[in-house]
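The primary structure of each chain is shown beneath.
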Amino acid sequence: MADQTHVLFVEDDDVIREATQLALERDGFAVTAMPDGLSGLEAFRADRPDIALLDVMVPGLDGVSLCRRIRDESTVPVIMLSARADSIDVVLGLEAGADDYVTKPFDGAVLVARIRAVLRRFGHAGGADRAEGSAPAGGLLTFGDLEVDTEGMEVRKAGQPVALTPTEMRLLLEFSSAPGTVLSRDKLLERVWDYGWGGDTRVVDVHVQRLRQKIGQDRIETVRGFGYKLKA
């Protein structure tokens, strides 16, 4: 298991859980599958997986609450699984700290592609092997009382450290690379979430909201009909 990517999968439907576990294992992942949120939390703490897949509606401790508990302890990537694309649970999951979501029923190949996309950008979050032009090459950038260290991957506001998840850090790096330039939601999905296809822009909107809460509500400006920009 040491050489494999370890996935924690929490799903209460026996058929979906077993079929998805087999599909992921065929693609080379090591999988710990749990039927409810409480056992999922115990497995997370015991095994420290590389990524967590959490169904929203699981007994004991629902997926959104489990995501919050995980996010309190770790920045490990989290993908929520939701039965409805228009469900409020999608937004709640993202606000709880999830990095992405997949709508059920899902194709196994799509799920694997989304897992690998998340893992790629988390590998990049430390500063290695970034796509050309996707973030500053390095140095200390200052925007008012906000400091972004693109080499040390650290952020300070008014001299105080700001704790960002890897996804939030990637998003801030994109804004920092082009202050004052409007970045569309589609462009941010492509660069931060590594989507080579159209994605749900709610993922961007919720992460921008979370980032604003940490670096200042007025630091990122909404440009209606176009996207967002970082105030220089």
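Residues numbered from 1 in each chain as written. Predicted model: local features only at pLDDT ≥ 70, side-chain atom pairs only at ≥ 80, totals over all residues. Heavy atoms only, no water.

**Concerning the environment of Pro77**
Next, step 1: With respect to the element layout, Pro77 can be found in the loop between helix H3 (63-73) and strand S4 (78-82).
Next, step 2: It is 7.5 Å that separates the C-alpha atoms of Pro77 and Leu119, two residues lying 42 residues apart in sequence.
Next, step 3: Discounting residues that sit within four places of it in the chain, Pro77 has contacts with Asp50, Ile51, Ala52, Asp99, Val118, Leu119 and Phe122. (Helix = DSSP H or I, 4+ residues; strand = E, 2+ residues; numbered from the N terminus. Contact = heavy atoms within 4.5 Å.)

**Some points on helix H2 (residues 37-47)**
Next, step 1: Residues of H2 that are buried include every one of Gly37, Ser39, Gly40, Leu41, Ala43 and Phe44, and no others.
Next, step 2: Where the residues of H2 are buried, they touch strand S1 (6-10), strand S2 (30-34) and H3.
Next, step 3: A side-chain oxygen of the first residue of H2 lies 3.2 Å from the backbone nitrogen of Leu38; this N-cap is Asp36. (Buried < 20%, exposed > 50% of the residue type's maximum accessible area, 1.4 Å probe, protein only. Polar contact = N/O pair within 3.5 Å; in protein donor to acceptor, adjacent residues only side chain to side chain.)

**Concerning unusual backbone geometry**
Next, step 1: Following Lys104, the chain continues to Pro105 via a peptide bond in cis, the omega torsion being -5 degrees.
Next, step 2: If you check the backbone angles, Arg48 has positive phi at about 50 degrees while not being a glycine.
Next, step 3: For Arg48, the position within the fold is in the loop between H2 and strand S3 (51-55).
Next, step 4: Of the residues examined, Arg48 reaches a relative accessible area of 43% and is grouped as partly exposed.
Next, step 5: In the Ramachandran plot, Ala158 falls in the positive-phi region, its phi being about 55 degrees despite a non-glycine side chain.
Next, step 6: Mapped onto the elements, Ala158 comes out in the loop between strand S8 (154-157) and strand S9 (160-161).
Next, step 7: Exposure remark for Ala158: the relative accessible area of 56% places this residue in the exposed category.

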